[in-house]
Amino acid sequence: MNLTAGAKTLWLLLRADIQRLKNVYKQKPVGAITSTLAIGLLAVFFISVEFYVSKRLFQHIMDQVHLESLRYVLLAKLLQMVYLVFTILLVYSNIVMAISSFFTSPELDLIHSKPVPRTVIFMYRSLEAFLRSSWMFIAFGIPILYAYSVVLDPPTSFLLQIPMIILPSLIIPASFGIIIAILLILAFSPRRTQQVFLFLGMFLAVGLVMVFRFMQPEQLVDPIGVEQVNFYLDTLRIPTID
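Residues numbered from 1 in each chain as written. Predicted model: local features only at pLDDT ≥ 70, side-chain atom pairs only at ≥ 80, totals over all residues. Heavy atoms only, no water.

**What to know about the overall build of the protein**
Within the protein one finds eight helices and zero strands. Ordering the α and β elements of the protein from the N terminus gives α-α-α-α-α-α-α-α. Per-residue burial for the protein yields a buried fraction of 32% across its 242 residues. Pairs at least 24 apart in sequence give 78% of the contacts found in the protein among residues at least 6 apart. (Helix = DSSP H or I, 4+ residues; strand = E, 2+ residues; numbered from the N terminus. Buried < 20%, exposed > 50% of the residue type's maximum accessible area, 1.4 Å probe, protein only. Contact = heavy atoms within 4.5 Å.)

**Remarks on the pattern of salt bridges**
Under the counting rule described, the total for this entry stands at two salt bridges. The partner of R125 in a salt bridge is E128, and the shortest N-O contact between them spans 3.2 Å. Remark: E128 and R125 occur in helix α5 (residues 118–152); sequence separation between them is three residues, near one turn of the helix. Residue classification places R125 among the buried positions, given a relative accessible area of 1%. (Salt bridge = Lys/Arg side-chain N within 4 Å of Asp/Glu carboxyl O.)

**Re helix α6 (residues 156–187)**
Taking 1.5 Å of rise per residue, 32 residues should cover 46 Å, and α6 covers 49 Å from first to last C-alpha, within 8% of that figure. At I162, α6 is bent by approximately 30°, the largest bend along its length, and proline P163 sits one to four residues beyond. What α6 keeps buried is the set F158, I162, I166, S169, L170, P173, A174, G177, I178, A181 and I185. (Expected span 1.5 Å × (residues − 1). Bend = angle between axes of the 7 residues up to and from the residue.)

**Some remarks on the nonpolar core**
If you look at the biggest cluster of nonpolar residues, it comprises 23 residues, and the most contacted ones within it are F58 and F137. At the level of elements, α2 (29–62), α3 (70–104), α5 and α6 are the ones that each hand at least two residues to this core. Per-element tally for this core: the top contributor is α5, with eight residues. Counting eleven residues, the second largest nonpolar core, distinct from the first, contains Y92, F102, A181 and F197. (Core = buried A, V, L, I, M, F, W, Y, C linked by side-chain atoms within 4.5 Å.)

**Overview of the packing of aromatic side chains**
In this structure the tally under the stated criterion is five aromatic pairs. Judged by centre distance (5.3 Å) and plane angle (40°), the rings of F102 and F122 are tilted. Placement of the pair is F102 in helix α3 and F122 in helix α5, with a sequence separation of 20 residues. The exposure class assigned to F102 is buried, which follows from its relative accessible area of 15%. An aromatic cluster is defined as three or more aromatic residues linked by ring pairs; in this entry it consists of F102, F103 and F122. (Phe/Tyr/Trp six-rings, centres within 6.5 Å; stacked < 30°, edge-to-face > 60°.)

**What about the side chain of S54?**
Take S54: it is sitting in helix α2. Aside from chain neighbours lying at most four places away, what touches S54 is I144 and A147.

**A few points about a nonpolar patch on the surface**
Residues L42, F45, F46, V49, Y52 and V53 make up a contiguous nonpolar surface patch of roughly 600 Å² in combined accessible area. Within the secondary structure, V53 sits in helix α2. (Patch = residues over 30% accessible without salt bridge, like charges linked within 9 Å, V, L, I, M, F, W, Y side chains within 5 Å. Areas by Shrake-Rupley, 256 points an atom, 1.4 Å probe, with all protein chains shown as cover.)

**Some details on the packing of α3 against α6**
At a minimum axis separation of 7 Å, α3 and α6 run at an interaxial angle of 50°. Relative to α6, α3 is oriented oblique. Once α3 is placed against α6, the crossing between them reads as right-handed. Between α3, through Y83, T87, L90, V91, N94, I95, A98, I99, F102 and F103, and α6, the contact on the second element is made entirely by I165, S169, L170, P173, A174, G177, I178, I180, A181, L184 and I185. Taken together, the residues of the contact of α3 with α6 break down into 17 nonpolar, four polar and no charged. (Axes fitted to C-alpha atoms, helices over the stretch in contact; angles between N-to-C directions. Parallel < 35°, antiparallel > 145°, perpendicular 65-115°, else oblique. Left-handed = near helix turned anticlockwise from the far one by under 90°. Nonpolar A, V, L, I, M, F, W, Y, C, P; charged D, E, K, R; others polar.)

**What to know about the packing of α3 against α5**
Remark: α3 packs on α5, axes separated minimally by 9 Å, with the N-to-C direction vectors making an angle of 165°. Our classification of the angle between α3 and α5 gives roughly antiparallel. When you trace α3 past α5, the crossing you get is right-handed. When the residues that make up the contact of α3 with α5 are grouped by side-chain class, the tally is 21 nonpolar, eight polar and three charged.

Here is the structure:
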């Protein structure tokens, strides 16, 4: 199979999904439009709240004059923490979605009964798992990056680099998630593996909250805590006698 034929076949499968979505709006236009508007308004509300909270947090850190240069270190570490949490959630979400797309979807019998190459089916299901699991980062990660850019007022080049940052941040966890899902299915049944991971998702959410609380990030903006850090840094600058 050449590349052109594979791309055409993949486009036919994607177009079938688009047509199925159109049929939903044609069969139940009022209900579909109402649901879409409700979900859209709810998403706008949560994204706005996230941007407002992130901006206030970043601005509060920058307003702490006693932090001096530690403000920028704190912001960088906070952004790294957010990326770490999103990466863990993306890997987990891609594992669950890959198991569903590749092994438990009711459409698999229909797709495999058609004269579609296995490579195209793999690309199609991978793209489906990628889109279904990556919307979270796009919806909730971009507001944080935008709030970061508003507070620090970086050069325009930073805003232009955001798409180049987001794309690898989505593709790499998706690749790891699909690979882990396939390796797990080689050892366990798809249904049981999916149920176990859905159950583990609750413990993952609770664990992330507990780790965040144990880190006690509020102490980083406490004047007493910052004074202790500055004293420790000053101690490191004192020359010692060998």
